[in-house]
Amino acid sequence: MASQFIPVTVLSGYLGSGKTTLLQHVLHESHGLNIAVIVNDMSEINIDGSLIKREDVIRTEERLVEMQNGCICCTLRDDLLLEVKKLAESGGIDYILIESSGISEPIPVAQTFTYKDEELDIDLTECCRLDTMVTVVDGSRFFEDFASGESLLERKQAADKTDSREVADLLIEQIEFADVIILNKTDLLSEKEQEKLFWSLKKLNPGCEMIPAAFGKVPLHNIINTKKFDFEKASQSAGWIKELNEEHTPETEEFGISSFVYQKRRPFHPERLMSWLESWPAEIIRAKGFFWLASRNETAGLLSQAGSSLMIQSAGHWIAACSQEEQQLALEEDPELKQEWHETHGDRKTDIVFIGIQMNRADLIRSLDECLLSEEEMVSDWSVMDDPLPEFI
């Protein structure tokens, strides 16, 4: 039965990372496969598709499908479903290779091949097998793009006028969900620069396979028929998730790349936390986790930072803020929750993972501790505290 499923590799990566160059490399290799290539481009004139078509696609028996004026993860998802279904039904296809647009997020693309689309009544799991999620990283520009603080809208690269995503958030999405990361353009990096970036990316996604490359030249077996993709595993692959699950990855002392989990059973004071966030330490490149805010005692907060992009939002109600009946039910269903339950505060706590370069862990912990409520504040009325933090989304 397995032979009936067409394997699929998805190439993700920010604009200019070298996805098309990698794709051309694949098409020129002797692989003996009839590959259907789907190219997704945001421009009105599909430059990437034109480049590929100028190569001898017919000679190598690949088929090219172009999709324009949208991105696979949003407006063109339906088109992707329909095109893949059409290719699978046409027969004679050994493999499907998809080049996502530079602003495409990989998770929605992966979901296209993982779940049935009820609206279109298309289930790609019946004909395809998502094989590998590949992300191409521009080694020469990564840190610059990551720290830019710019949005896709500011760079005139957004999907539409409502697309408020920041470049750093997109880069993180593409890195954390990858089975394979191609660290491209290493010819433009010194050995030290390459190693620093290599281990930084490894810290962000410890489970991925990292492949240094120049001009997109990588062995085909690293990106085709790897059988690496597993949705559940990919969803838990981010370094911050592994740290929260106590799967600590070793530090890279030579480049000062490290991580730690800040855990406390005492809430933050809203004004002091706001002041800390406004002077965010530059050495932290990634932070994510849950926090307890005294002035919003009913609701768990979620903090997410990538580069200069920082967001706080609601993570739902604390179970301790629910009814006694709901609390009891939750405790019965989750032994781990019961084990960690605090007699007074229930499940309220702060668990934030920090990943950074040259972080002074002791100083960071001390400065965060200073944002917590004092003993006197713990017994005061938290509801009257001034709260300058943005409203939770």
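Just above sits the structure.
What counts as what
Residues numbered from 1 in each chain as written. Predicted model: local features only at pLDDT ≥ 70, side-chain atom pairs only at ≥ 80, totals over all residues. Heavy atoms only, no water. Helix = DSSP H or I, 4+ residues; strand = E, 2+ residues; numbered from the N terminus. Contact = heavy atoms within 4.5 Å. Areas by Shrake-Rupley, 256 points an atom, 1.4 Å probe, with all protein chains shown as cover. Buried < 20%, exposed > 50% of the residue type's maximum accessible area, 1.4 Å probe, protein only. Pairing = 2+ DSSP bridges. Patch = residues over 30% accessible without salt bridge, like charges linked within 9 Å, V, L, I, M, F, W, Y side chains within 5 Å. Salt bridge = Lys/Arg side-chain N within 4 Å of Asp/Glu carboxyl O. Lys, Arg positive; Asp, Glu negative; His and termini not counted. Charge placed at Lys NZ, Arg CZ, Asp CG, Glu CD. Arc of directions from axis to C-beta. Axes fitted to C-alpha atoms, helices over the stretch in contact; angles between N-to-C directions.

## Some details on the overall build of the protein chain
Along the protein chain, the regular secondary structure elements total 14 helices and 12 strands. By sequence separation, contacts in the protein chain at least 24 residues apart represent 77% of the contacts at least 6 residues apart. Taken as a whole, the protein chain presents about 18800 Å² of accessible surface, with 48% of it coming from carbon and sulfur.

## Description of the pairing of strand S9 (residues 284–291)
Burial analysis of S9 places seven of its eight residues in the buried class, which makes it a mostly covered element. One ladder, built from six bridges, connects S9 with strand S12 (residues 350–357); its direction is antiparallel. Bridging from a neighbouring strand, Arg286 pairs with Ile355 of S12. As paired elements, S9 and strand S10 (residues 299–306) share six bridges and run antiparallel to each other. Considered in S10, the bridge of Gly289 is made with Leu303.

## Here we look at unusual backbone geometry
Positive phi, normally seen in glycine, also occurs at Asp121, with a value near 55°. Along the polypeptide, Asp121 turns up in the loop between helix H4 (106–112) and strand S5 (128–138). Within the chain, Lys156 stands out as a residue other than glycine whose phi angle is a positive 60°. Mapped onto the fold, Lys156 is located in the loop between helix H5 (142–146) and helix H6 (167–176). Lys156 sits in the exposed class, given a relative accessible area of 80%.

## Digging into a negative patch on the surface
Residues Glu332, Glu333, Asp334 and Glu336 make up a contiguous surface patch of negative charge. The class of Glu333 is exposed, set by a relative accessible area of 62%.

## Brief notes about helix H13 (residues 361–369)
All buried positions along H13 are accounted for by Leu364, Ser367 and Leu368. For H13, the buried positions fall inside an angular range of 100° around the axis, keeping them on one side.

## Details of the sheet that holds strand S8 (residues 257–264)
Spatially, the five strands line up as an open sheet ordered S8-S12-S9-S10-S11, and their pairing is antiparallel. Since the sheet does not close on itself, it has two edges, and those belong to S8 and strand S11 (309–317), each with one partner. The sheet shows a mean angle of 15° between the axes of neighbouring strands, taken without regard to direction. With seven bridges joining them, S10 and S11 adopt antiparallel strand pairing. Paired with Gln305 across the bridge in S11 is Leu310. Across the sheet, H6 touches S9, S10 and S11, and the angle it forms with S10 is around 95°. Against the sheet, H13 makes contact with S8, S9 and S12, and its axis sits at roughly 25° relative to S8, the strand it touches most.

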